[in-house]
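Descriptive structure summary
Spelled out from the first residue to the last, the chains are:
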Amino acid sequence: GENVEQHPSTLSVQEGDSAVIKCTYSDSASNYFPWYKQELGKRPQLIIDIRSNVGEKKDQRIAVTLNKTAKHFSLHITETQPEDSAVYFCAASKNTNAGKSTFGDGTTLTVKP
Amino acid sequence: DVKVTQSSRYLVKRTGEKVFLECVQDMDHENMFWYRQDPGLGLRLIYFSYDVKMKEKGDIPEGYSVSREKKERFSLILESASTNQTSMYLCASSSRGAGLHGANVLTFGAGSRLTVL
């Protein structure tokens, strides 16, 4: 089955700095790669996703890049703010098996004011 | 505006008890999932369902079963709860239509924190 590895497990940055979280996946058939943000005590929510037919996607201060050859994708957050502090999960899925997602172990991002 | 509702936010059960966790979604989604969340282990898939009365094992199905009698409802059952099943349980749903915009996007419930004593 699919295996997703996520690094780092914790990340601390100063407000205004950039943060990068990296994930690798094992199943070359995976074609959908979402990122979920989970604030303390809340449910995970989708913040950005990318499908395998594109290499990069950007939404304001967040961007995701995908390298299908190397089977890795990354989340980039620029100009970090304290409200970016949360746990971030990457995931991978494909069109079979109800599109079930395999998640990374999560990255706890702390943005220090 | 709540779209995926988990009936119990906090439960405390004793070892050996039968536990039911209920999840209801109002988005007419075909796919429903049960994940377990433990610190440092991410979200691990227990079971999923792609249609009424259909179910598939996820990565960690041992000790669990599920029921989907209606499209909007997906129940997780612990036949005999054990202390190692103390965890946060997250229900999620998604629409069918792989390849279409929005397909495979998960909408999560608020979670059910289960403590087994």
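Residues numbered from 1 in each chain as written. Chains lettered and ligands numbered in written order. Predicted model: local features only at pLDDT ≥ 70, side-chain atom pairs only at ≥ 80, totals over all residues. Heavy atoms only, no water.

Moving on, we come to the sheet that holds strand S8 (residues 73-78) of chain B. All names here are of chain B. Here we have four strands laid out as an open sheet, ordered S1-S3-S8-S7, and antiparallel in their pairing. Single-partner strands in this sheet number two, and they are strand S1 (4-6) and strand S7 (65-70). When the angles between neighbouring strand axes are averaged without regard to direction, this sheet yields 20°. The pairing of strand S3 (residues 19-25) with S8 spans six bridges and is antiparallel. Directly across from Val24, in S8, lies its bridge partner Arg73. (Pairing = 2+ DSSP bridges. Helix = DSSP H or I, 4+ residues; strand = E, 2+ residues; numbered from the N terminus. Axes fitted to C-alpha atoms, helices over the stretch in contact; angles between N-to-C directions.)

Moving on, we get to the side chain of Asp38 of chain B. All names here are of chain B. Within the secondary structure layout, Asp38 lies in the loop between strand S4 (31-37) and strand S5 (43-49). On the basis of relative accessibility, which here comes to 12%, the residue Asp38 falls in the buried class. At 2.8 Å, the side chain of Asp38 and the side chain of Ser87 are in polar contact. Once residues lying within four places of it in the same chain are set aside, the contact partners of Asp38 are Arg44, Thr86 and Ser87. (Buried < 20%, exposed > 50% of the residue type's maximum accessible area, 1.4 Å probe, protein only. Polar contact = N/O pair within 3.5 Å; in protein donor to acceptor, adjacent residues only side chain to side chain. Contact = heavy atoms within 4.5 Å.)

Close approach of charged atoms lets side chains of opposite charge pair. Evaluated as defined, the whole model comprises twelve salt bridges over all chains. The salt bridge partner of Asp27 of chain A is Lys94 of chain A, with a shortest N-O separation of 2.6 Å. Of this pair, Asp27 of chain A sits in the loop between strand S3 (19-25) and strand S4 (32-38) while Lys94 of chain A sits in the loop between strand S9 (86-92) and strand S10 (102-103), and the two are 67 residues apart along the sequence. Close ionic contact of Asp28 of chain B with Lys71 of chain B constitutes a salt bridge, the shortest N to O distance being 2.9 Å. Of this pair, Asp28 of chain B sits in the loop between S3 and S4 while Lys71 of chain B sits in the loop between S7 and S8, and the two are 43 residues apart along the sequence. On the accessibility criterion, Lys71 of chain B (27% relative accessible area) is partly exposed. Sharing partners across several salt bridges, the network here consists of Lys37, Glu39 and Lys42 of chain A. (Salt bridge = Lys/Arg side-chain N within 4 Å of Asp/Glu carboxyl O.)

His7 of chain A connects to Pro8 of chain A through a cis peptide bond whose omega is -5°. Tracing the chain through its elements places Pro8 of chain A in the loop between strand S1 (4-7) and strand S2 (10-14). Its identity as a non-glycine residue notwithstanding, Lys71 of chain A has a phi of 55°, on the positive side. Position of Lys71 of chain A relative to the elements: it lies in the loop between strand S7 (62-67) and strand S8 (72-77). At Asp28 of chain B, a residue that is not glycine, the phi angle is positive and equals roughly 60°.

Below, the discussion takes up the sheet that holds strand S6 (residues 56-59) of chain A. Residue and element names in this part refer to chain A. Spatially, five strands are ordered S1-S3-S8-S7-S6 in an open sheet, and the strand pairing comes out antiparallel. The open sheet has two edge strands, S1 and S6, and neither has a second partner. When strand polarity is set aside, the average angle formed by the axes of neighbouring strands in this sheet is 15°. One ladder, built from four bridges, connects S1 with S3; its direction is antiparallel. Residue His7 lies in a different strand from S3, and its bridge partner there is Lys22.

Below, the discussion takes up the interface of chain B and chain A. Taken residue by residue, the interface counts 27 residues in chain B and 21 residues in chain A. The contact between chain B and chain A buries some 1,900 Å² in all, and 53% of this surface belongs to carbon and sulfur atoms. Taken together, the links from chain B to chain A amount to zero salt bridges. If you look at where chain B meets chain A, you find five residue pairs in polar contact (both at pLDDT 80 or more). The set of elements that each furnish at least two residues to the side of chain B that touches chain A consists of S4, S5 and strand S9 (87-94) of chain B. Element by element, the count of residues in the side of chain B that touches chain A is highest for S4 of chain B, at four residues. Tallied by class, the residues present in the side of chain B that touches chain A amount to 16 nonpolar, nine polar and two charged. (Buried area = accessible area lost by both parts, 1.4 Å probe. Nonpolar A, V, L, I, M, F, W, Y, C, P; charged D, E, K, R; others polar.)

Take it as geometry only, folks, not as evidence of what the structure does.
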